[in-house]
Amino acid sequence: MRVPVTTTLRLARGALVAWPLGLFACHAGLSRDVGAPVAVVAAPTAAPIVERAEPGPITSLAVRGSVLVAGGVRGVRRWDVGGSDYETLGADEGLPGHGVTALGLDGARDIWVATDAGVGRFSPSAGGKETAAGTWKYHALGGLAGVTALAPTTNGHDVAAWAGGADGLFRSDGTSWTPVAGVSGVVVTSVDLDADGHSAWVGTRARGLFHVDGGQARQVPVGEDAAAFEDILGTALTAEGTRVAAARARDGARLVFLEEGDPQSFRAQPDVRFVRLVDSGKGAVLVAGPAGAERAYALRLLDVGEAPPPGGLRFVSVRSGMSSAHAHHRWVAVPLDLALPADEITAVAGGEGAVFAATARLGVARAAKGRADYLMGATLVGDAERLTVACATPSRCFAVTGGPRAWLTDGDVYREVAVGEADDATVLAVVADQAGTIYALSSEPKYTGLVITRLARAAKGGAAETASGDLWKSFHRVPLVMPFPGGPGLSFAAISPAGVLWVGLRAQTDSGDDVSAGALELDLASHRAVQHRATKQGEPRTPEMLPLPSALTDVMFEPPALWFSSLSGVSRWNQGELRTWGENEGIRSELVHGLARGAADTLWAATSEGLARYDGAAWRSFGGGGAAGEAAGEESIVACRAIARDAGGDLWVATSRG
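Predicted model, so just to flag it, every value in this text is computed and none were measured.

(A) Looking closely at the overall build of the protein. Counting its regular elements, the protein contains 1 helix and 54 strands. Taking all 658 residues of the protein together, 52% fall into the buried category. Restricting to contacts in the protein with at least 6 residues of sequence separation, those with at least 24 account for 49%. As presented, the protein carries roughly 28000 Å² of accessible surface, and 50% of it is formed by carbon and sulfur atoms.

Given below as structure tokens:
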């Protein structure tokens, strides 16, 4: 039996959260003549939750001043880390290839990018502002392939950079690439600039460490045979001003302190895994630990007789017969009070006193006290505030997080797919009816209306299989009256078991603000549509148009009544009468984001100031951190963004705290 799955949930923390798809309950939909909906959530003990914000790993990071850039299969993402703005640079801006392999920022804040198609540089277009989307121009700098480390010079006047990879180290003067003598044909694993911007420390595989000035390279003694080092994982300056290199060696992780005239090599504790060593601008930061549980450490020299701090990583010298001058040297990695992402870390960058980490699934985060601070713009999530999912089978689901495209997933792998929309359209939502038929809603730039397509035939197999077997057909085009030019957005979409599609409509003002545009009610069998909206002065209302509140956020059906949540409270349309409850009726906040039925006589609302419940006679606030809630022994819940009920009758609430 095919079980359709469809849900609308708001997103929190910049990640898409998925339960194993075969464990979802069915959504009962919305209609005027069918029972209360059952929201889609998983049995809480059925299986572990998987979080994913990116369809693939972030492969590279670079930071300089307030600018941070990250690269992956989708191109480049750029942030001003002092704010929340970001922009994406990819194929539309001229970036060739199928994914970013290395990044760098030069002194002019130009973005150097390496892909499988070569190396190039993004710089602001003539007359454009560096931080304005759409003003960047890509300049190809040659077909150098296999680059995994990029280090542009910090001098904003000179165009130069080092690039390293499987074929060795190369230097560019802005027009061509020249091999660096001594490091040609050597696998380069890291390149870190000196403070002067004209020289660099180059780590290699099985060849140790080099110092490069211009086009000249010299090998740096590391205190033992360089071939013992498998990979150099970066160099940095400690707070004491000592240059240190981190490496993977045949017998474990190593730190090499490049003390003048006498490099010292230290071996880490058994089973310690090094990820990367970076310079945060306040000293060397070592990222180490098992995949998904990495920690950040500062390197410190212990005083004579001083015990290592709790949780620290201790190192012992690999040299025998150590001179008395260095017998007291005991380095330790001290845990920093910085939380890293709870996912496998794929790249690390440091600068201006901060440490940033990229991950395999969750995007990019700034290491922060208490919890990692994830940056906006993750590919699967972007700026989305809601998620819609519709499944053809438990392992073949379509997900939409705000467009412009839909994703096909088996719960782990995500692939961007078309759902029958036009090339320039934005996919708004996917939703399934009780029979399992999946519909996709989209908007087009030159059409003021809602475009609906239907999945006529789904390919067999999971998301890893190509989507070419899916057949989407045009279903209906619904013209709309919008308060401003342009296509619609939405706040919710669902289909009742009776086959009635309800859509909460949004519009954008001329200045780009998001405003309410009423709701659409569409009978999918007859194609009969009613747009419930505010009318202009003197414009007659049809008898079918309901006087619904503005800024709708959710809808729930209980015959003969319709319940709505909105940014003006909770409303019920019943037998020709609209009744609204707000702050005057006991709801702490009228900014209501969702509704769910608890027990038969209790209705719950998720508000910006906690939960509210209705017993059929009055509303009572629940939680929210107020004195009354604390006196009653209730848990403090603030800024509730969504609410849903699982098959066991338990309520799940998305809040600003998790």
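Moving on from the coordinates now.
(B) How the structure looks around the side chain of S565. Positionally, S565 belongs in strand 46 (residues 561–566). A distance of 2.6 Å separates a polar atom in the side chain of S565 from a polar atom in the side chain of T553. Once residues lying within four places of it in the same chain are set aside, the contact partners of S565 are A551, L552, T553, D554, V592, H593, G594 and L595.

(C) Examining the packing of aromatic side chains more closely. Inspection of every chain in the model, using the stated rule, returns 13 aromatic pairs. Consider the rings of W581 and Y614, whose centres lie 5.2 Å apart with planes at 55 degrees: the pair is tilted. Remark: Y614 occurs in strand 51 (residues 610–614) and W581 occurs in strand 48 (residues 577–581); sequence separation between them is 33 residues. According to the relative accessible area criterion, W581 is buried, its value standing at 2%. Judged by relative accessible area, Y614 falls into the buried class, the value being 5%. Members of the aromatic cluster, each reached through a chain of ring pairs, are W563, W581, Y614 and W619. The ring of W112 has R121 sitting right over it, with the charged end atom 5.7 Å from the ring centre. The lysine or arginine in question, R171, covers the ring of W162, its NZ or CZ lying 5.6 Å from the ring centre.

Reading the values: rules and limits
Residues numbered from 1 in each chain as written. Predicted model: local features only at pLDDT ≥ 70, side-chain atom pairs only at ≥ 80, totals over all residues. Heavy atoms only, no water. Helix = DSSP H or I, 4+ residues; strand = E, 2+ residues; numbered from the N terminus. Buried < 20%, exposed > 50% of the residue type's maximum accessible area, 1.4 Å probe, protein only. Contact = heavy atoms within 4.5 Å. Areas by Shrake-Rupley, 256 points an atom, 1.4 Å probe, with all protein chains shown as cover. Polar contact = N/O pair within 3.5 Å; in protein donor to acceptor, adjacent residues only side chain to side chain. Phe/Tyr/Trp six-rings, centres within 6.5 Å; stacked < 30°, edge-to-face > 60°. Lys NZ or Arg CZ within 6 Å of the ring centre and 35° of its normal.

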